[in-house]
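Given next are the chains, with one letter for each unit.
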Amino acid sequence: MKRFLIVMTLVLSLFLISCGGGADTGDTGNTGNTGDTGNTGDTGNTGNTGDTGNTGDTGNTGDTGDTGNTGDTGNTGDTGNTGNTGDSGTSDKYCLKTCTTAADCASDENALMDENNWECKNSGCHYIGCVSNTECEEVYAATQKTYKCDEDSPYGTAQCVLSCTTDADCDLYGMGTTEQAYDSDNYECKSGMCKYKGCLSDEECKTTMANDSYACLDTELTDIKTCQIKCSTADDCANTVYSAEAYKCEDSRCIMKNCSQMEWCEDVYGEDFGCYEY
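Residues numbered from 1 in each chain as written. Predicted model: local features only at pLDDT ≥ 70, side-chain atom pairs only at ≥ 80, totals over all residues. Heavy atoms only, no water.

Asks: An account of the state of the cysteines is needed here, citing residue identities and associated values.
Replies: Here the structure, examined in full by the defined rule, presents twelve disulfides. With its sulfur 2.1 Å from that of its partner, Cys231 forms a disulfide with Cys249. Because the sign of the S-S torsion sets the handedness, a value of about 100° for the bond joining Cys231 and Cys249 places this disulfide among the right-handed ones. Note that Cys231 is positioned in the loop between strand S9 (225-229) and strand S10 (247-250) and Cys249 in strand S10, a separation of 18 residues in sequence. Taking the relative accessible area as the measure of exposure, Cys249 reaches 28% and is therefore partly exposed. (Disulfide = S-S within 2.5 Å. Helix = DSSP H or I, 4+ residues; strand = E, 2+ residues; numbered from the N terminus. Buried < 20%, exposed > 50% of the residue type's maximum accessible area, 1.4 Å probe, protein only.)

Asks: Summarise helix H4 (residues 262-269); cite the residues concerned and give the values.
Replies: Among the residues making up H4, those that are buried are Cys265, Val268 and Tyr269. Projected down its long axis, H4 shows its buried positions confined to an angular sector of 75°, all on one face. Where H4 is buried, its residues contact strand S1 (93-97), strand S11 (253-256) and strand S12 (273-277). One or two positions beyond H4, positive phi appears at Gly270, with a value near 130°. (Arc of directions from axis to C-beta. Contact = heavy atoms within 4.5 Å.)

Asks: Give a description of the nonpolar core that names residues and reports values.
Replies: One finds Cys130, Cys136, Cys160, Cys170, Cys194, Tyr196 and Cys199 to be the most contacted residues of the largest nonpolar core, which totals 20 residues. When contributions to this core are tallied by element, the ones reaching two or more residues are strand S4 (147-150), strand S5 (159-162), strand S6 (187-190) and strand S7 (193-196). In this structure Cys160 touches Leu112, Cys130, Cys136, Tyr140, Tyr147 and Lys148, once residues within four positions along its chain are discounted. Judged by nonpolar contacts, the second largest core, of eleven residues, contains Cys237, Cys265, Val268 and Phe273. (Core = buried A, V, L, I, M, F, W, Y, C linked by side-chain atoms within 4.5 Å.)

Now the structure itself:
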């Protein structure tokens, strides 16, 4: 509005100059007060933004193509021949009674020494022990105690043993003492049979054998100790059955010698013995 009044004033001034023809220009009137500028109107509210449209479903992925066939594996080369196994070392040989059949080993001594208690193996007689409770009952009938055939004997062959309910039933002497090598503290009653645990001291063996030469020593074939003659030389091992030549003294024990010649066995044990693998 102020700008408009100024422009109009200029236009009017030019008009008067052109019409006045040189007359004196009158005094210019006072310029009127400029009117107040009107209030600016409120700005209108901005409209709501429209909802965004739903995104369309993504199309299904196409099927993956089949994998090509794997090429054939080449043939494996032939495995080389295995070398021959070396020969086993020679087994220990002992002097055994010579046999062709088990009947050659048998004797009529008792039911535990007949044909069914032996095996003829590698031309030598091998004792296999008892084969039934009946054999044990027959041989030990005089003791008036019940004996059974223990096929799981610690000696490696089936053996006749006392039947039992408790360890005390295993006392061979029936005196209830524990001073000897075959009384209740030397046995365990297991599965109704007396299992020998071994001697417990040298004193037990000396008392049992009534001989100070005996001691409680390890054995070759089992983990239990037994009463044996304690030796310094092979001469200490000689007895009424075998001479000192049949033994060697090792770790204070009398051990049957291995053999290498048939003739040696014949000379030491008799003409029906030979040197065979055990």
